[in-house]
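Letter by letter, the chains look like this.
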Amino acid sequence: MIINFLSNAIVKGGQAPVFGTPGDYGLAYEDVTFQANDGVMLSGWLIKGGTEKIIIQSHFGVQCSRSGYTPEGKSWPKMWQTEIPFMKHVNYLVEKGYSVLVYDFRNHGSSGTGTCEWVTWGPEEHKDVLAAIDFVSNHADYQDSNIGLLSICMGAASSTYAFGIENGLAENDQIKAMVAIQPLRYPDFISSLGLDNFIGRRVTKLNNERTLMDLNEVSFMKDVRAINVPTMLVQNSNDEYLNRQSIEEYYDALQVEKEMVWLDLGTKRAAGYDYLANNPEKLLSFFAKHM
């Protein structure tokens, strides 16, 4: 029972409802759907600002949706005690003239079930990043717009994978910048939980069977060098799941104009996401510089 519980907490989707709407913040938007290249239907909101520049947000995994995080319905222990509404920082972006596409990854929110029904921490989800880019690049209002990527945790991993594949993001000239927030490797997460032991090995064995991949071996780190746009990397230095060496390796591998932002927050990983919602100044400044 404990093995299934832990595995579900790590790779089971469907735990992240969409809550609220951009309309709650007075934002004009439309519901949109688009399809990944393997047929999975993705749902999102296209939030209307200007047409010269647009941000594509990719959220963190398992407990998050396009809306952000809500503790409602989450089992103990909750990663954060209050809502983390992403529409807060989206509102700031729109005020600065950006349109914003927020969408649910496969197996999250209102998007469809993936060809793999489990969350893979990026190897499958990178298809959704590509689909979001294609949707914007082929949209009549945004086909000539500058694109910025706001990629959070699994969103950062997925975006990194998407830069590394053939005909991936590195081939798209519209993309001008990326903000990558707290990318996390599966082995670092398992180790931080104290699961690099017999129980942990059983959990990972089940996760591998469910996802049909070796989560200890697949890694976005090899694709960091393929990123070809200015990148700001953001990390809470007190994050309970942090392996500082992994973050430093990511930053060192970047071959572009780059910026490292270390935050000094509480130990909860979600503190970094909450900070983003309430303190958007750094990402606004970075996007303004490069877009």
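Residues numbered from 1 in each chain as written. Predicted model: local features only at pLDDT ≥ 70, side-chain atom pairs only at ≥ 80, totals over all residues. Heavy atoms only, no water.

What follows covers the packing of aromatic side chains. A complete count under the given rule lists 13 aromatic pairs for this structure. Between the aromatic rings of Y103 and F105, the centroid separation amounts to 5.5 Å while the plane-to-plane angle is 75°, which identifies the pairing as edge-to-face. On the basis of relative accessible area, Y103 is assigned to the buried category, the value being 0%. Among the aromatic residues, ring-to-ring pairing joins F34, Y103, F105 and F135 into one connected group. Positioned above the aromatic ring of Y98 is the side chain of K53, whose terminal nitrogen or guanidinium carbon lies 4.3 Å from the ring centre. The residue whose ring lies beneath R66 is W45, and the NZ or CZ to ring-centre distance is 4.6 Å. (Phe/Tyr/Trp six-rings, centres within 6.5 Å; stacked < 30°, edge-to-face > 60°. Buried < 20%, exposed > 50% of the residue type's maximum accessible area, 1.4 Å probe, protein only. Lys NZ or Arg CZ within 6 Å of the ring centre and 35° of its normal.)

Listing the buried residues of helix α7 (residues 244–253) in full gives S246, I247, Y250 and A253. Along the long axis of α7, the arc covered by the buried residues comes to 135°, so they all point the same way. The secondary structure elements touched by the buried residues of α7 are α4 (154–164), β8 (175–181), α5 (186–192), β9 (231–236) and β10 (258–263). Near the N-terminus of α7, the side chain that reaches the backbone nitrogen of Q245, with its oxygen 3.0 Å away, is that of N243. (Helix = DSSP H or I, 4+ residues; strand = E, 2+ residues; numbered from the N terminus. Arc of directions from axis to C-beta. Contact = heavy atoms within 4.5 Å. Polar contact = N/O pair within 3.5 Å; in protein donor to acceptor, adjacent residues only side chain to side chain.)

Let us now look at the sheet that holds strand β2 (residues 41–47). Taken in spatial order, the eight strands line up as β1-β2-β6-β3-β7-β8-β9-β10 in an open sheet, and their pairing is mixed. Since the sheet does not close on itself, it has two edges, and those belong to β1 (29–35) and β10, each with one partner. Within this sheet the neighbouring strands show an average axis-to-axis angle of 20°, counted without direction. Strand direction decides the pairing type here: strand β3 (residues 53–58) and strand β7 (residues 146–152), joined by six bridges, are parallel. Counterpart to Q57 in the pairing with β7 is L150. (Pairing = 2+ DSSP bridges. Axes fitted to C-alpha atoms, helices over the stretch in contact; angles between N-to-C directions.)

On to the state of the cysteines. Applying the stated criterion across every chain, the model contains zero disulfides. Here C116 is not disulfide-linked; the sulfur of C153 is the nearest cysteine sulfur, at 18 Å. On the accessibility criterion, C116 (12% relative accessible area) is buried. The cysteine C153 is free of any disulfide, with C64 supplying the nearest cysteine sulfur at 9.2 Å. (Disulfide = S-S within 2.5 Å.)

Considering the arrangement of structural elements, one finds I181 in strand β8. Residue classification places I181 among the buried positions, given a relative accessible area of 3%. Once the C-alpha coordinates of I181 and C153 are considered, the two residues, 28 residues apart in sequence, prove to be 5.7 Å apart. Each residue touching I181, except ones within four places of it in the same chain, is listed here: L150, S151, I152, C153, A156, V234 and L276.

Time to look at the pattern of salt bridges. All told, the structure shown has 12 salt bridges when counted by the stated rule. With a closest N to O distance of 3.4 Å, D38 and K127 form a salt bridge. Residue D38 is located in the loop between β1 and β2, and its partner K127 is located in helix α3 (residues 126–137); the two are separated by 89 residues in the primary sequence. D38 gets classed as partly exposed once you look at its relative accessible area, which sits at 25%. (Salt bridge = Lys/Arg side-chain N within 4 Å of Asp/Glu carboxyl O.)

Before going further, it helps to spend a moment on the side chain of D223. Its place among the elements puts D223 in the loop between α6 (198–211) and β9. Accessibility expressed as a relative area gives 8% for D223, which makes it buried. Sequence-distant contacts of D223, that is, excluding residues within four places in its chain, are made with T160, Y161 and G164.

Counting through the fold element by element, R106 comes out in the loop between β6 (99–103) and α3. On the basis of relative accessible area, R106 is assigned to the buried category, the value being 1%. A distance of 2.7 Å separates the side chain of R106 from the side chain of D38, its partner in a polar contact. At 2.8 Å, the side chain of R106 and the side chain of D128 are in polar contact. Not counting chain neighbours up to four residues away, the residues in contact with R106 comprise A36, D38, V40, L42, S111, G112, G114, T115, E124, E125, K127 and D128.

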